[in-house]
Amino acid sequence: MARTAPVPAATDPSVIRNFCIIAHIDHGKSTLADRMLQLTGVVQPRDMKAQYLDRMDIERERGITIKSQAVRMPWEFDGTSYALNMIDTPGHVDFTYEVSRSLAACEGAILLVDAAQGIEAQTLANLYLAMENDLTIIPVLNKIDLPAAQPEKYAAELANLIGGKPEDVLMVSGKTGVGVEDLLDKIVQDLPAPVGDPDAPARAMIFDSVYDTYRGVVTYVRVVDGKLSPRERIQMMSTKASHELLEIGVSSPEPVPTKGLGVGEVGYLITGVKDVRQSKVGDTVTTLHKPASESLGGYEDAKPMVFSGLYPLDGTDYPVLRDALEKLMLNDAALVYEPETSAALGFGFRVGFLGLLHLEITRERLEREYKLDLISTAPNVEYEVTLEDKKVVHVTNPSEYPVGKVAEVREPMVSATILAPNEFVGAIMELCQSRRGILGGMDYLSEDRVEIRYRLPLAEIVFDFFDTLKSKTRGYGSLDWKADGDQVADLVKVDIMLQGETVDAFSAITHRDKAYSYGVMMTSKLRELIPRQQFEVPIQAAIGARIIARENIRAIRKDVLAKCYGGDISRKRKLLEKQKEGKKRMKMVGRVEVPQEAFIAALSNDDGNGKDKAKK
Ligand SMILES: Nc1nc2c(ncn2[C@@H]2O[C@H](COP(=O)(O)OP(=O)(O)OP(=O)(O)O)[C@@H](O)[C@H]2O)c(=O)[nH]1
């Protein structure tokens with residue numbers, strides 16, 4: 001049954017519906033989006049492949065941006081042709097600000113929940129964001145084709161959560177397509193049409209901005225008032241920078257240039273700027289000849305939360321790393337970095353990230369796309385240190401932590417929401433308590449699932465918290481968190497010394513109660529990792545001048561020739577050369593030779609937490 005129409009030139013806001021799909025990870029957002037593209041006819045069945053919208057490789061090959069930021073789909077209902085704009089939202093907690101901007105571009109949201117899993121932490125977090133943006137919510141249970149689906153149970157849970165009747169929850173399967181047409185009808189019927197003043201000065205909100213090698217920055221906007229037309233000069237309201245509008249259009253999902261975008265419309269702009277920082281998410285676009293006096297509000301600069309030092313393994317790669325960071329920045333307005341030097345690791349950069357996933361993605365891209373081998377120092381948060389003379393310093397690198405004279409240290413806090421089956425409440429509370437958490441509240445979503453809220457120091461959850469939560473809840477726990485101010489804390493800096501020489505890369509800021517265990521952990525790890533030298537090497541952990549842990553590496557003379565009795569001169573030479581080669585891979589700390597692998601191993605978190613966190 002074809003109910004598609006040619007993409008309407010939707011200048012009439014009454015036939016526009018702007019919506020997004022919000023879901024916990026893996027609940028089937030991409031699959032449902034694919035099915036909608038297919039049903040509305042914007043993607044022909046023969047072109048269809050799984051996760052059509054995620055096809056990064058094709059995007060690169062063709063040099064066009066076809067990302068899912070916003071796709072216009074035609075849909076006919078009751079004899080009228082509508083234009084449905086589906087706006088994508090990044091799914092991860094690191095990018096909450098961007099999610100909230102995407103939501104602000106919509107009138108409604110499909111709240112998608114896996115019928116075999118029920119509500120999870122990100123379902124809630126996204127729902128709250130959607131409610132803050134006054135969106136109309138359409139509750140939908142997905143994957144009803146699964147044998148393990150429990151639609152009645154979770155429909156009741158959903159209805160209970162958003163206030164409604166269980167029978168109003170739509171049942172669909174993105175995989176088989178069941179119920180998806182009804183969902184498209186419901187979008188037309190239930191979601192309000194956009195409203196705005198067509199005669200007012202133009203105002204459009206930027207909800208995404210992507211760098212494209214061939215076309216420069218492609219900016220995705222939602223027009224609220226007025227109209228934007230090609231060849232016009234536009235202005236960014238936060239910076240007052242103005243650019244000529246070279247192209248304007250809609251994605252369907254290939255970019256289609258149009259004669260302009262009016263009230264309620266969603267589309268893309270191309271101005272030829274080369275850096276996403278000139279076209280920032282959250283900013284308002286207006287026209288230069290008739291500028292709006294007030295921006296749409298809500299604009300914020302992305303604030304880095306987690307910092308790590310990135311150093312090339314091979315010092316000569318430093319310029320490559322610098323250029324690579326510069327390039328990544330073109331497409332990532334949230335990335336900040338500054339040069340840094342470390343006595344142990346040489347020249348590198350201190351880089352600020354939105355969260356651990358952002359760090360992992362960036363690091364992986366640097367290694368994969370720029371063929372760099374990197375050492376990254378243990379991630380840490382930003383501390384605000386007030387000195388005795390009232391001066392305030394912000395510390396993002398433990399080795400810069402002021403010694404003595406500290407009056408007060410404040411650390412960033414988060415409010416975390418954890419969802420899990422009842423039976424794990426005890427284990428979760430124990431975990432949060434051990435991470436200095438303060439219980440904020442607890443609610444039962446259904447008779448066997450509970451939502452627990454804690455306020456925790458950010459530093460306590462950035463490392464292995466999520467992994468530990470997963471293992472303590474046998475995989476059933478889900479977590480979401482957002483920044484929640486800061487708090488005075490009893491923190492100290494722990495230094496690690498080799499033969500009395502501080503190794504800056506291993507310094508850490510920890511809570512006083514945990515300083516000892518950090519010291520013991522690091523010294524014993526290093527004792528395993530550093531080979532014996534020709535002299536004894538003490539490894540110490542210290543707070544200021546006070547030693548809190550100590551290990552020893554006993555002396556040895558490593559005689560590579562010991563095995564070569566007889567007079568085989570060429571074999572001897574070979575062995576000596578091999579030893580020399582090995583030495584190149586050593587870093588000198590004072591007189592101590594430390595293999596690079598030791599740095600990598602000591603600084604890595606054994607659980608590889610960052611990658612797993614992506615699967616939240
Ligand atoms: N049986 C069944 N499986 C589904 C359905 N929808 C999605 N899936 C499967 O669920 C998994 C996750 O689906 P995605 O569409 O990638 O989920 P997502 O929410 O977009 O996930 P992320 O992109 O990782 O956030 C995939 O293995 C899909 O094949 C459905 O209706 N029925």
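In short, a report on the structure. Just so it is clear, the structure is predicted and the values come from calculations on it, not from any experiment.

**Brief notes about the overall build of the chain**
No. 1: Broken down by element type, the chain carries 15 helices and 31 strands.
No. 2: Relative to its 616 residues, the chain shows a buried fraction of 53%.
No. 3: In the chain, 69% of the contacts between residues at least 6 apart in sequence involve partners at least 24 apart.
No. 4: Here the chain has roughly 27400 Å² of accessible surface; of this, 51% comes from carbon and sulfur atoms.

**Notes on the pairing of strand β15 (residues 306–312)**
No. 1: Where burial is concerned, most of β15 is hidden: seven out of the seven residues are buried.
No. 2: Side chains Val306, Ser308, Leu310 and Pro312 project from β15 onto one buried face, and the interleaved Phe307, Gly309 and Tyr311 project onto a second face that is buried too.
No. 3: Sheet topology places β15 next to strand β18 (residues 374–376); three bridges connect them, and they run antiparallel. What sits directly across from Leu310, in β18, is Ser376.

**Details of the site of the ligand**
No. 1: The local shell around the ligand holds 16 residues, among which Ser30, Thr31, Lys143, Asp145 and Gly174 are the closest.
No. 2: Between the ligand and Gly28, the relevant distance is 3.0 Å, taken from an oxygen atom to a main-chain nitrogen or oxygen of the residue.
No. 3: Interatomic distance of 2.5 Å between a side-chain N/O atom of Thr31 and an oxygen atom of the ligand.
No. 4: Of all the elements, helix α1 (residues 29–39) adds the most residues to the shell around the ligand, at three residues.
No. 5: Looking at side-chain class alone, the shell around the ligand contains two nonpolar, nine polar and five charged residues.

**Notes on the packing of α1 against helix α6 (residues 180–190)**
No. 1: Relative orientation of the contacting elements α1 and α6 amounts to 80°, with a least axis distance of 10 Å. Regarding the angle of α1 to α6, the classification is roughly perpendicular. Here α1 contributes Leu32, Arg35, Met36 and Leu39 to the contact with α6, which in turn contributes Val180, Glu181, Leu183, Leu184 and Ile187.
No. 2: Split by residue class, the contact of α1 with α6 holds seven nonpolar, no polar and two charged.

**Considerations on the nonpolar core**
No. 1: Core analysis: the largest hydrophobic core is formed by 49 residues, its most contacted members being Leu366 and Tyr383.
No. 2: Here this core spans two domains, and each of domain 3 (306–377) and domain 4 (384–489) adds at least three residues to it.
No. 3: Counting 33 residues, the second largest nonpolar core, distinct from the first, contains Ile375, Phe506, Ile553 and Val589.

What counts and how
- Sequence order as written defines residue numbering, which begins from 1 separately in each chain.
- This being a predicted model, a pLDDT of at least 70 is required before a residue's local features are given, and a value of 80 or more before pairs of side-chain atoms are given or counted; all residues contribute to the totals for chains, interfaces and linings.
- Excluded from the side-chain calculation are hydrogens and water; included are all heavy atoms of the structure.
- Helix and strand definitions here come from DSSP, where helices need a minimum of 4 consecutive H or I residues and strands a minimum of 2 consecutive E residues; each element is numbered from the N-terminal end.
- Each residue gets one of three labels from its accessible area relative to the maximum for its type: buried under 20%, exposed over 50%, partly exposed in between, using a 1.4 Å probe on protein chains only.
- Whether two residues are in contact is decided by their heavy atoms, any of which lying within 4.5 Å being enough.
- Values of accessible area rely on a 1.4 Å probe in the Shrake-Rupley scheme; residue burial ignores everything except the protein chains shown.
- Any two strands are treated as partners once DSSP identifies two or more bridges connecting them.
- Consider each residue's heavy atoms; a residue with any of them within 4 Å of a molecule or strand counts as near.
- We define a polar contact as two N or O atoms separated by no more than 3.5 Å, with the added condition that, inside protein, one atom must be a possible hydrogen donor and the other a possible acceptor, whereas residues neighbouring each other in sequence contribute only through side-chain atom pairs.
- Gly falls in the polar group here, along with every residue not listed as nonpolar (Ala, Val, Leu, Ile, Met, Phe, Trp, Tyr, Cys, Pro) or charged (Asp, Glu, Lys, Arg).
- Every angle, taken between N-to-C directions, lies between 0 and 180 degrees, and every axis is a line fitted to C-alpha atoms, over only the stretch in contact when it is a helix.
- For this classification, under 35 degrees means roughly parallel, over 145 means roughly antiparallel, 65 to 115 means roughly perpendicular, and everything else is oblique.
- Nonpolar cores were defined as sets of buried Ala, Val, Leu, Ile, Met, Phe, Trp, Tyr and Cys residues, with membership established by side-chain atoms within 4.5 Å.
- Domain start and stop positions are those given by an automatic or database domain assignment.

Any link to function would need more than the numbers given here.
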